[in-house]
Every structure is written in C-alpha cells, then in structure tokens.
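Descriptive analysis of the structure
Now for the letters of each chain:
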Amino acid sequence: GEDVEQSLFLSVREGDSSVINCTYTDSSSTYLYWYKQEPGAGLQLLTYIFSNMDMKQDQRLTVLLNKKDKHLSLRIADTQTGDSAIYFCADGNTGGFKTIFGAGTRLFVKA
Amino acid sequence: DTGVSQDPRHKITKRGQNVTFRCDPISEHNRLYWYRQTLGQGPEFLTYFQNEAQLEKSRLLSDRFSAERPKGSFSTLEIQRTEQGDSAMYLCASSLGTGNNEQFFGPGTRLTVL
C-alpha cells in the first residue's frame, strides 16, 4: 500500500535553515502537503505542492518535489524558536479523499 | 468559533465498554474524515464521508468501529467493546473537496482504555 517516510528528528540553531525530507510511494499523488502540529494543538496545513510542480516558495518556506524519485522536502529559512513543532508530510492521492501521513519530523530550534 | 470541533476532548473508559465521539465540521464542508493518531505517529486514515455517504473505510478498521454522518453535517464514531489497543487520539477533519482539498483538523478526542 501507499507509504510516506520521514526522518524523526531535526535540530537546528535559530537563524539557520531547516530542511525536512520525505519520501512517498504512491504514483497517483495529486497534491503533497506539509502539515504542522504544535504541542497541544491540532494539525494545520503549512503549505502544499501540486504534483506537476517542481518547486513552490511561500515566504520563508520552500517546497521541492522530485517526482521521479518520489522525494519531497521542506526548507524553512531563518528558522525561529517558534518553528519548533512536528512537521508531517502527507500524500493526497488522486481524488484527494485519502491522505496518507508520515510519522512526523520533530524540529527542535536552539536559541 | 467556526473551526472543526470534537466532543469530548478526553474519554477514559474501561475495557469492554462502548464509546461514541462526535465531530462537527466546518459548516460548508462536504467532506469529513476520521483519523487515529498514536504517540510518535502521524494520523492514520480510518474513514471518509462525502456528505452523508461513507465512501471509504480503512482495512485496519475492525467491525467494532462504526461511523455515521446522518444528515451530512456532524459525524459520530463509535467503538464497541473497547480494547486497550484502541487508546489513541481520534482526529476529525473536514474539507471543501475543491482545489488543494485542504483538510481542517479538530483538536481531537483522546481515548484512554483501562
């Protein structure tokens, strides 16, 4: 079945860039998403990319998609302590009604 | 508050009891999803509704689990004869089903089965 894998932890210093990587197996993905979950809060959509795009930039966030390798990454520029959270990569397949989530990458930002 | 709401936020029950959770989606959203999240894992898809029709159920969903969305608005998720392995956070999400199909998540119901 479909699967999404992510590294579990990432630690960076405040002001550095963070890069969170994700791989997926579904060939029929329509959209790929990055969700953010802060302690005690629900998941919120951070950004997304349509499957026919290679890159999307949104302020401090850059999403890169390598469809051939089924690899997705999220780069956060000038990482701040407020960016400390769990980041979930998610694969929305054709029709978009079944979204498969990775286990999440815990980002720690050191001041 | 116009977001997705879930009730109760916490539920502690004894093994073998039945529990029911409620989800109220964003009012204009026609799609509603249930997920289960355990510690250290991402949300795991359970089931999905388009209006009142349940269109997909996960193979992982045993017959002790049932979900309804009778009028295409709120939804309930019932777990019968709960087991300790059912302890988890149960998340509800809703979406418009258009564009990027962004799902809006509720705060979840944390179930503890003793």
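Residues numbered from 1 in each chain as written. Chains lettered and ligands numbered in written order. Predicted model: local features only at pLDDT ≥ 70, side-chain atom pairs only at ≥ 80, totals over all residues. Heavy atoms only, no water.

1. Describing the interface of chain A and chain B
- If you look at the interface, chain A gives 18 residues, while chain B gives 19 residues.
- Between chain A and chain B the total buried area reaches about 1600 Å² when both faces are included, carbon and sulfur atoms providing 52% of it.
- Counting residues per element, the ones that place at least two in the side of chain A that touches chain B are β4 (29–37), β5 (43–50) and β10 (99–101) of chain A.
- Here the element with the most residues in the side of chain A that touches chain B is β4(A); it accounts for four residues.
- Split into classes, the residues belonging to the side of chain A that touches chain B amount to ten nonpolar, six polar and two charged. (Contact = heavy atoms within 4.5 Å. Buried area = accessible area lost by both parts, 1.4 Å probe. Helix = DSSP H or I, 4+ residues; strand = E, 2+ residues; numbered from the N terminus. Nonpolar A, V, L, I, M, F, W, Y, C, P; charged D, E, K, R; others polar.)

2. Overview of the side chain of Arg31(B)
Residues and elements named next belong to chain B.
- Its location among the elements puts Arg31 in strand β4 (residues 31–37).
- Here Arg31 is buried and forms no salt bridge, its nearest opposite-charge partner Glu56 lying at an N-O distance of 10.0 Å.
- Within the structure, Arg31 has its side chain in polar contact with the side chain of Tyr48 (distance 3.4 Å). (Buried < 20%, exposed > 50% of the residue type's maximum accessible area, 1.4 Å probe, protein only. Lys, Arg positive; Asp, Glu negative; His and termini not counted. Salt bridge = Lys/Arg side-chain N within 4 Å of Asp/Glu carboxyl O. Polar contact = N/O pair within 3.5 Å; in protein donor to acceptor, adjacent residues only side chain to side chain.)

3. Quick word on a nonpolar patch on the surface
- Together, Leu8(A), Phe9(A) and Phe108(A) give the surface a local cluster of nonpolar side chains, amounting to about 330 Å² of exposed area.
- With respect to the helices and strands, the residue Phe108(A) is situated in strand β11 (residues 105–110). (Patch = residues over 30% accessible without salt bridge, like charges linked within 9 Å, V, L, I, M, F, W, Y side chains within 5 Å. Areas by Shrake-Rupley, 256 points an atom, 1.4 Å probe, with all protein chains shown as cover.)

4. What about the packing of aromatic side chains?
- Inspection of every chain in the model, using the stated rule, returns 15 aromatic pairs over all chains.
- Centroid distance Tyr35(A) to Phe101(A): 5.5 Å. Interplanar angle 55°. Geometry classified as tilted. With Tyr35(A) in strand β4 and Phe101(A) in strand β10, the pair connects residues that are 66 residues apart, well separated along the chain.
- Here the aromatic residues Tyr31(A), Tyr33(A), Tyr35(A), Tyr48(A), Phe50(A), Phe101(A), Tyr33(B), Tyr35(B), Phe45(B), Tyr48(B) and Phe105(B) are joined through ring pairs into a cluster of three or more.
- Over the aromatic face of Tyr48(A) sits the side chain of Lys56(A), whose NZ or CZ is 3.5 Å from the ring centroid.
- Positioned above the aromatic ring of Phe74(B) is the side chain of Arg22(B), whose terminal nitrogen or guanidinium carbon lies 3.9 Å from the ring centre. (Phe/Tyr/Trp six-rings, centres within 6.5 Å; stacked < 30°, edge-to-face > 60°. Lys NZ or Arg CZ within 6 Å of the ring centre and 35° of its normal.)

5. Things to note about the side chain of Asp91(A)
Residue and element names in this part refer to chain A.
- Relative to the elements of secondary structure, Asp91 occurs in strand β9 (residues 85–93).
- Buried within the structure, Asp91 lacks any salt-bridge partner; Lys70 is the closest side chain of opposite charge, at an N-O distance of 8.6 Å.
- Residues contacting Asp91, with those up to four places away along its chain left out, are Val4, Tyr24, Asp26, Ser29, Tyr31, Leu32, Lys98, Thr99 and Ile100.

6. A word on the pairing of β5(A)
Residues and elements named next belong to chain A.
- Bridging between β4 and β5 involves seven bridges; their strand directions are antiparallel. Bridged to Tyr35 within β5 is Leu45.
- In textbook terms, the turn of a hairpin is the stretch between consecutive antiparallel strands, and for β4 and β5 this stretch comprises five residues, one of which, Gly40, has a positive phi near 75°. (Pairing = 2+ DSSP bridges.)

7. Overview of the pattern of salt bridges
Residue and element names in this part refer to chain B.
- Enumeration according to the criterion identifies six salt bridges over all chains in this entry.
- Between Arg64 and Glu83 there is a salt bridge, with its nearest N and O atoms 3.4 Å apart. Highlighted residues: Arg64 in the loop between β6 (53–57) and β7 (65–68) and Glu83 in the loop between β8 (75–79) and β9 (88–95), separated in sequence by 19 residues.
- With a closest N to O distance of 2.9 Å, Arg64 and Asp86 form a salt bridge. In this pair, Arg64 sits in the loop between β6 and β7 while Asp86 sits in the loop between β8 and β9, placing the two residues 22 residues apart along the sequence.

8. Digging into the nonpolar core
- In terms of nonpolar packing, the biggest core is built from 20 residues, with Trp34(A), Leu72(A), Leu74(A) and Tyr87(A) touching the most fellow members.
- In this view, Tyr87(A) contacts Gln6(A), Ile20(A), Trp34(A), Tyr35(A), Lys36(A), Leu46(A), Leu74(A), Ile76(A), Gly104(A), Thr105(A) and Leu107(A); residues no more than four positions away in its chain are not counted.
- Counting 19 residues, the second largest nonpolar core, distinct from the first, contains Val19(B), Cys23(B), Leu32(B) and Leu111(B). (Core = buried A, V, L, I, M, F, W, Y, C linked by side-chain atoms within 4.5 Å.)

9. Quick look at the sheet that holds β8(B)
Residues and elements named next belong to chain B.
- An order of β1-β3-β8-β7 is seen for the four strands of this open sheet, with the pairing classed as antiparallel. Two strands lie at the open edges of the sheet, namely β1 (5–7) and β7, each paired on one side alone. Each adjacent strand pair in this sheet contributes to an overall mean axis angle of 15°, direction not counted. (Axes fitted to C-alpha atoms, helices over the stretch in contact; angles between N-to-C directions.)

10. Concerning the sheet that holds strand β1 (residues 4–6) of chain A
Residues and elements named next belong to chain A.
- Here we have five strands laid out as an open sheet, ordered β1-β3-β8-β7-β6, and antiparallel in their pairing. What marks the edges here is a single partner per strand, and that holds for β1 and β6 (55–58). Each strand axis lies, on average, 15° off the axis of its neighbour in the sheet, ignoring direction.
- Sheet analysis places strand β3 (residues 18–24) next to strand β8 (residues 71–76), joined by six bridges and oriented antiparallel. Across the sheet, the residue bridging to Asn21 is Ser73, located in β8.

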